[in-house]
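Structural overview for review
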Amino acid sequence: MDKWFEYKGALFDPRMFTKESLDVIPDYVIRDDDVVIVTYPKAGTNWIIEIVNKLLRAAGKTDVTTEDIPWAIESTLPQFGQPGHVILKDQPSPRILHTHLPYHLAPNMVTNPEGKVKAIVLMRNPKDTVVSSHHFNRKMQASLGAPSDVTPWDKYLQCFLDGKVMYGDFYDHALGWWQMRDDPHFLFLKYEDMKKDLSSVVMKIKEFLDITLDDVTTASIIESFSFANLTSAWKTSGNQLKTFIARKGVVGDWKNHFSEPQSEAFDARYRERLEGTGLQFDFE
Ligand code: A3P
């Protein structure tokens, strides 16, 4: 974390991001039929990408699989070798684009949408987000051969509260995108609602994307997205990153990590940042 660089108020790991690849994003051209997925890290990004991709494939709208969809248009992952936005240039429409960027760094054609562009914003309660992020960060650091870089929980939590984590402050990110809540190009979803009633959320996504599928196909798609089914498919895929992502998949794991004083300090910040905004989260 100490080696991350700051770019316009957010932090980035130089092993996956460059100033140049972030510079080009605001002017990146979004196609009229693109589906843009926006998440803060650990909100359930891979889960929602799988769902949207499978729905589009079942409806015969795309042949692309999730293995071909780069995580974050702004990043360069080793297995892709070039920035996500470059890889996507040659993909057939309709494309699925994903970004973790805060509102002020995102493509202008998403923050000022016109035509048929569709954006899905998935959010998750910040306590489970920071726990998930902490575990993921540890696994990543360890796999990169730098066990001494692994940040302990107390320090990681403080960094999160200070907004000194990848992609910057959770609340800045959430509230930035929340400005778009009434825009018809946008669909806002929450991880906790997906856990509570995945069927209803999938129905909402289908409607938003104008996808018609028969009930049997829809039911079998929903079944394939349970934590057990999806993560066992990921395990057999041989993609190490996916095995890091598949951890517990529950709401409320924060209770196993936060001390009482940590929870109180966190709640105070939550109230201070979200009171009066209309944005709230379930924590269990
Ligand atoms: P946990 O670490 O709390 O288990 P992202 O894809 O944005 O990195 O998010 C990862 C989080 O989404 C992980 O949370 C992961 O377990 C969870 N997740 C992925 N697929 C899921 C599913 N089908 N059901 C519930 N949670 C899922």
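The structure reproduced in this document is the subject of the present report. Since this is a predicted model, take the numbers as computed values, not measurements.

In terms of residue burial, strand β6 (residues 186–190) counts as a mostly covered element, since four of its five residues are buried. Examined bridge by bridge, strand β5 (residues 118–123) and β6 share five bridges and lie parallel to one another. Opposite M123, over in β6, you have K190 as the bridge partner.

This brings us to the site of the ligand. Residues in contact with the ligand amount to 19 residues; listed here are only the nearest, T45, S132, Y191, K248 and G249. In the model, an oxygen atom of the ligand is placed 2.8 Å from a nitrogen or oxygen of the N46 side chain. Residue F225 places a main-chain N or O atom 3.1 Å away from a nitrogen atom belonging to the ligand. For the ligand, the accessible surface in isolation is 570 Å², of which the surrounding protein chains cover 97%.

With that settled, consider unusual backbone geometry. Both trends apply: most residues other than glycine have a negative phi, and most peptide bonds are in trans. The peptide bond linking S93 to P94 adopts the cis configuration, its omega dihedral lying at -5 degrees. Within the element layout of this structure, P94 appears in the loop between α3 (84–88) and β4 (96–99). For D210, which is not a glycine, the phi torsion comes out positive at approximately 55 degrees. As for its placement among the helices and strands, D210 is situated in the loop between α9 (198–208) and α10 (215–224). Since its relative accessible area comes to 56%, D210 is described here as exposed.

Taken as a whole and assessed by the stated rule, the structure comprises 13 salt bridges. For the salt bridge of R15 with D13, the shortest nitrogen-to-oxygen distance reads 2.9 Å. What makes R15 partly exposed here is its relative accessible area of 46%. Its salt-bridge partner being D23, residue K19 comes within 2.9 Å of it at the nearest N-O pair. Residue K19 and its partner D23 are located together in helix α1 (residues 19–23), separated by four residues, close to a single helical turn.

The next subject is the pairing of strand β3 (residues 35–39). With five of its five residues buried, β3 lies for the most part within the structure. Every second residue of β3 is oriented toward a common face, with V35, I37 and T39 on one face and V36 and V38 on the other, all of them buried. Note: β3 against β4, four bridges, orientation parallel. Across the sheet, residue V35 finds its bridge partner in β4, namely I96. With five bridges joining them, β3 and β5 adopt parallel strand pairing.

Bringing the sheet that holds β3 into the picture now. With parallel pairing, four strands are arranged side by side in an open sheet as β4-β3-β5-β6. Of all strands in the sheet, those bounded by a partner on one side alone are β4 and β6. Shown here is a sheet whose adjacent strand axes are inclined to one another by a mean of 20 degrees, direction ignored.

The subject of this paragraph is the nonpolar core. F12 and W177 are the most contacted members of the largest nonpolar core, which totals 55 residues. Sorting the residues of this core by element identifies β2 (10–12), β3, β5, α5 (126–143), α6 (153–161), α7 (170–178), β6 and α13 (260–274) as the ones contributing at least two each. In terms of residue count, the dominant contributor to this core is α6 (six residues). In contact with F12, not counting residues within four places along its chain, are W4, F5, Y7, F17, L22, L101, L105, M166 and Y167. Grouped together as the second largest cluster of nonpolar side chains are 33 residues, W47, I96, I222 and W234 included.

Thresholds, definitions, all that
- Residues numbered from 1 in each chain as written.
- Predicted model: local features only at pLDDT ≥ 70, side-chain atom pairs only at ≥ 80, totals over all residues.
- Heavy atoms only, no water.
- Buried < 20%, exposed > 50% of the residue type's maximum accessible area, 1.4 Å probe, protein only.
- Helix = DSSP H or I, 4+ residues; strand = E, 2+ residues; numbered from the N terminus.
- Pairing = 2+ DSSP bridges.
- Near = heavy atom within 4 Å.
- Polar contact = N/O pair within 3.5 Å; in protein donor to acceptor, adjacent residues only side chain to side chain.
- Areas by Shrake-Rupley, 256 points an atom, 1.4 Å probe, with all protein chains shown as cover.
- Salt bridge = Lys/Arg side-chain N within 4 Å of Asp/Glu carboxyl O.
- Axes fitted to C-alpha atoms, helices over the stretch in contact; angles between N-to-C directions.
- Core = buried A, V, L, I, M, F, W, Y, C linked by side-chain atoms within 4.5 Å.
- Contact = heavy atoms within 4.5 Å.

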